[in-house]
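Summary of structural features
Below are the chains, spelled out letter by letter.
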Number of protein chains: 2
Amino acid sequence: MAARESIGIGLMGLGVIGGGVARVLKEKPDSLAREAGSQLVLKKILEKDLAKHGSMGIERHTFTTRFEELVNHPDVDVVVELIGGEYPAFEYIREALTRGKHVVTANKEVMSKHWKELLSVAQEYQVSLRCEASVGGGIPLVSPFQEDLVANDISAIYGILNGTTNYILTRMAKEGLDFSVALKKAQELGYAEADPSKDIEGIDAAYKLAILATIAFGTEVRPEDVYHEGISRLQGCDFRYAGELGYAIKLLAIAKLSGDSIEARVHPVFIPEDSLLAKVDGVYNAIHVEGDLVGRVVFYGEGAGPRATSSAVISDIIKIVQDINNGVSSPLRLPFATGGVLSRCLK
Amino acid sequence: MAARESIGIGLMGLGVIGGGVARVLKEKPDSLAREAGSQLVLKKILEKDLAKHGSMGIERHTFTTRFEELVNHPDVDVVVELIGGEYPAFEYIREALTRGKHVVTANKEVMSKHWKELLSVAQEYQVSLRCEASVGGGIPLVSPFQEDLVANDISAIYGILNGTTNYILTRMAKEGLDFSVALKKAQELGYAEADPSKDIEGIDAAYKLAILATIAFGTEVRPEDVYHEGISRLQGCDFRYAGELGYAIKLLAIAKLSGDSIEARVHPVFIPEDSLLAKVDGVYNAIHVEGDLVGRVVFYGEGAGPRATSSAVISDIIKIVQDINNGVSSPLRLPFATGGVLSRCLK
C-alpha cells in the first residue's frame, strides 16, 4: 500500500499547548514527514481569537470559529483537541470520531471521565483515539503501559503527576516559604493558573491517575473513585519536621492492587529522602511502576509545557499516520475489555 | 481480519534468559493471550542440554538440538533468539528471517554489529525484527526512541547501561571495597560472569550505546565507533576524593551531537552527587535523554535478569502477534534511512 502524500490536521485550540504544536509542525515539516511517511499539513484551526493568525504566521483562511467547518473539512484526517476542560471538548471529540476522523487529545479531564464512551465510538467508526499527552506531558507513559509493559501484572503506581504542586512543594521545602507565598511565585512564573484549585486540591492528579490506573490494571478507575487531598494545608514546619526525620513531602498519586480491589488516592506523603521520587524537583513529573516481571521502573521528565506536550501530541499523530499508510486502524485498545477480575475501587 | 487462534514460538537458547521467558509463557498463558489476541504456544526449543526439559516441565518432543528442525517447523511463526554472543546467533537470526519467520532477540552484540544487514533482510522478506530486550533489560527504550520520542531531535544520551559494573562501583563507593574484591562479590552473586571482561571493559555498554545512538540520531553508529574505557583501574581512593568534592563515579555511556558528527564513548565519569544518575545504585540501569521538544527524560529500571528481560521479549512477541492479526508487517524501521546529515562518528 502506497503512503499518502499528505495528511490533513484540524487543530482545535490555539492556546499555550495548541500554539506549541502549531509551531513545531511549522518548524520541522521535513523531519516529521520522514518519520510519518506523509507530510503533516495544518488544514484548519478552530480558535475564537482570530487575531492569532498574524502572530503565528499562519494564513487567515486556515482559521475558523466554527467547529462544523473544521470537522466537515474533507482534507482533515486527524483532529487534534487542545481546548482543554470537559465541555465542549468532549462533544467535539465524540463528533469528530463519528465523522470518521482520527483524534489526538491531551485532555485528561475528558479522557478520565469519558474514556469508555469515546473508545466505543472510536471502535464503531474504526478510527484511532490517542491521548499520550494527557498524562505526564512529554514522558512516554500511556504507550509504555499499553504496549511495552503489557506482559506484566502491575501491582502499584506511585506518581508525581502534577508539576504545579511539585513546584510549590519544592520551594516550600528548599526556601522555607509559606504555601501562599510559594503559590504566588508559581502564578507569577505561569506554573499555576489564576484559579489554581484543580492543581492544588489534587484533582488534576486524580484525573491522570484514573487514566493510568485504568490502563495498568485493566479495569475502569473513574476520577470519582480516586480519593484526593491537596497541599493547601501544608505549612513550613511540616517540611522542617520531615527533613529532621529524613523524609521529603510530595503530593503522590498512588494506585495499588489490594486483594481484588484497587486503592487509588492522591495526597501529600512523607517519602524517604534518598528515594528517586524525593529527588524530583520543580515542575518535573516522575512515575514509579511495579510489575511482576519488570520489577521497579521509573519514568521522569517534564510533565507540562508546550514543547514537551507537543512531543507527545505529535508522536500520537505520527503513529496514526503510519497506521493510515499501513492500512490499519488501531484505536486505543479498550483497557476495560481485559478487566472483570477487579470489580471495584476502594476509596 | 480474524485473529489467529494461536501463534507458534520457536525459542533458541534455554539459559537464564531463555528459561525465564519459557517460564513466563507457561505461567500466564491466559493474560498473554488476551493481550496478544492469540494463544502464544511454545512449539520448539533449540537447546544443547536436553535434560532441561524435565526441570522446566516441558515435553521432551518440544526440544531439539538442530536449528533446522526449529526453523523448518511449519507451526513456528516467531523465532526468539536468546543464545547470546555473535555466532551462531547472527546466522540463525538471518536464516530465520529468510524463511519468513518474525524474530525477537535480546542480542546486543548481533544487533549492534549486524543491524543494517538484518533489517534489510527483514524488509525483503516482509517480516518483523524486534530487539527491545537488547538494551536496558525490561526498561522500555528501543520503542520509546523509535515511536514516542520520534518528533524530537535528540541531542544527547547519558546512560548507565551495564548493571554488573554499576553493582561493582556501588560496592566500591559505599563500602570502600577494592575493585578486585567487589568484582568477586559480583561473581559470587551471579551479577558478573566468570570472564567479566566484556562488562568491566565497557564493551557491553558500547554495544548497547551503539544501538540506542543509531536509533536516536538516525545514522549508523557501530560498536567500533564507540570509545570505551572500563572500570578496572579505579581504586578505593578515587571514590573518597570524588565524595569529598560532591561527586559520584559512574560508568557512563554517552552519545552526543557535536556539530555534524556524533561523539560516542563509554568511560568512568564524575557526576554531581545530587543528579538522578548518581542515585542509580546496584544492578539498576538508567538512561537520560535530551530532546529539543521533550527536554530531559529519564528511564530507570532493572537492566538485566530473567524476569525483567522477559517483560521486554514478551512485549515484542505480543506486538508482532498483534501485527499478524491486523494483517500488517511492520519490521523495525530502518534508522539509517533517515540519516545522511550526520556523516561520521567521532571517537
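The shown structure was predicted, so the numbers you read here are calculated from the model rather than taken from an experiment.

On to the confidence of the model for chain A. All names here are of chain A. Mean pLDDT over chain A works out to 92, with 94% of the residues at or above the 70 mark. Low pLDDT, under 50, characterises residues 335–347; the stretch is placed with 30 contacts to residues that sit more than four places away or in other chains. What the predictor reports for the complex is a pTM of 0.94 with an ipTM of 0.94.

Listed as interface residues are 41 residues of chain A and, on the opposing side, 41 residues of chain B. Breaking the side of chain A that touches chain B down by element, the ones donating at least two residues are α2 (29–36), α7 (142–148), β12 (295–302) and α13 (306–326) of chain A. In terms of residues, the side of chain A that touches chain B owes the most to one element, α13 of chain A, which gives nine residues. Of the residues in the side of chain A that touches chain B, the class split is 19 nonpolar, twelve polar and ten charged. Bridge count for β12 of chain A against strand β12 (residues 295–302) of chain B is three bridges, and the pairing is antiparallel. If you follow Val298 of chain A over to β12 of chain B, its bridge partner there is Tyr300 of chain B.

Our next topic: the environment of Arg60 of chain A. All names here are of chain A. Tracing the chain through its elements places Arg60 in the loop between α3 (52–56) and β3 (63–64). The exposed category is assigned to Arg60, around which 8 C-beta atoms lie within 10 Å. Taking C-alpha positions, Arg60 is 7.8 Å from Leu50, a pair spaced ten residues apart along the chain.

Most peptide bonds take the trans configuration, and most residues that are not glycine carry a negative phi. Residue and element names in this part refer to chain A. Cis geometry is found at the peptide bond from Tyr87 to Pro88, where omega equals 5°. Within the secondary structure, Pro88 sits in the loop between β4 (78–81) and α5 (89–98). One non-glycine residue, Gln126, adopts positive backbone phi at about 55°. Of note, Gln126 is situated in the loop between α6 (108–124) and β6 (129–130). Look at Gln126 and you get exposed, because 12 C-beta atoms sit within 10 Å.

Attention shifts here to the sheet that holds strand β2 (residues 39–46) of chain B. All names here are of chain B. Strands sit in the order β3-β2-β1-β4-β5-β6 across an open sheet of six strands; the sheet is parallel. Looking at the sheet topology across the chains shown, the edges are occupied by β3 (63–64) and β6 (129–130). As defined by bridge partners, strand β1 (residues 6–12) adjoins strand β4 (residues 78–81) across four bridges and the pair is classed as parallel. The partner of Leu11 across the bridge, within β4, is Val80.

This next bit is on the sheet that holds strand β1 (residues 6–12) of chain A. All names here are of chain A. Spatially, the six strands line up as an open sheet ordered β3-β2-β1-β4-β5-β6, and their pairing is parallel. Here the strands that pair on one side only, and so sit at the sheet edges, are β3 and β6. The pairing of strand β2 (residues 39–46) with β3 spans two bridges and is parallel. Residue Leu46 lies in a different strand from β3, and its bridge partner there is Thr64. Sitting on the sheet, α13 touches β1, β2, β4, β5 (102–105) and β6, and the angle it makes with β5 is about 165°.

Turning to the domain arrangement of chain A, a few remarks are in order. All names here are of chain A. Domains assigned within chain A are domain 1 (6–140 + 306–338) and domain 2 (147–302). Taken over C-alpha atoms, the centre of domain 1 sits 27 Å from the centre of domain 2. Between domain 1 and domain 2, the contact holds 18 residues from the first and 17 residues from the second. Looking at the side of domain 1 that touches domain 2, the element that brings in the most residues is α6, giving seven residues. Of the residues in the side of domain 1 that touches domain 2, the class split is eight nonpolar, six polar and four charged.

This paragraph deals with the pairing of β1 of chain B. Residue and element names in this part refer to chain B. Extensive coverage of β1 is indicated by the burial of six of its seven residues. Where β1 meets β2, seven bridges bridge the pair, whose relative direction is parallel. Among the inter-strand pairings, Gly10 is bridged to a residue of β2, identified as Lys44.

Parameters and conventions
Residues numbered from 1 in each chain as written. Chains lettered and ligands numbered in written order. Predicted model: local features only at pLDDT ≥ 70, side-chain atom pairs only at ≥ 80, totals over all residues. pLDDT = per-residue confidence, 0-100. Contact = placed C-beta atoms within 7 Å. Helix = DSSP H or I, 4+ residues; strand = E, 2+ residues; numbered from the N terminus. Nonpolar A, V, L, I, M, F, W, Y, C, P; charged D, E, K, R; others polar. Pairing = 2+ DSSP bridges. Buried ≥ 20, exposed ≤ 12 C-beta atoms within 10 Å, placed from the backbone. Axes fitted to C-alpha atoms, helices over the stretch in contact; angles between N-to-C directions. Domains from an automatic or database assignment.

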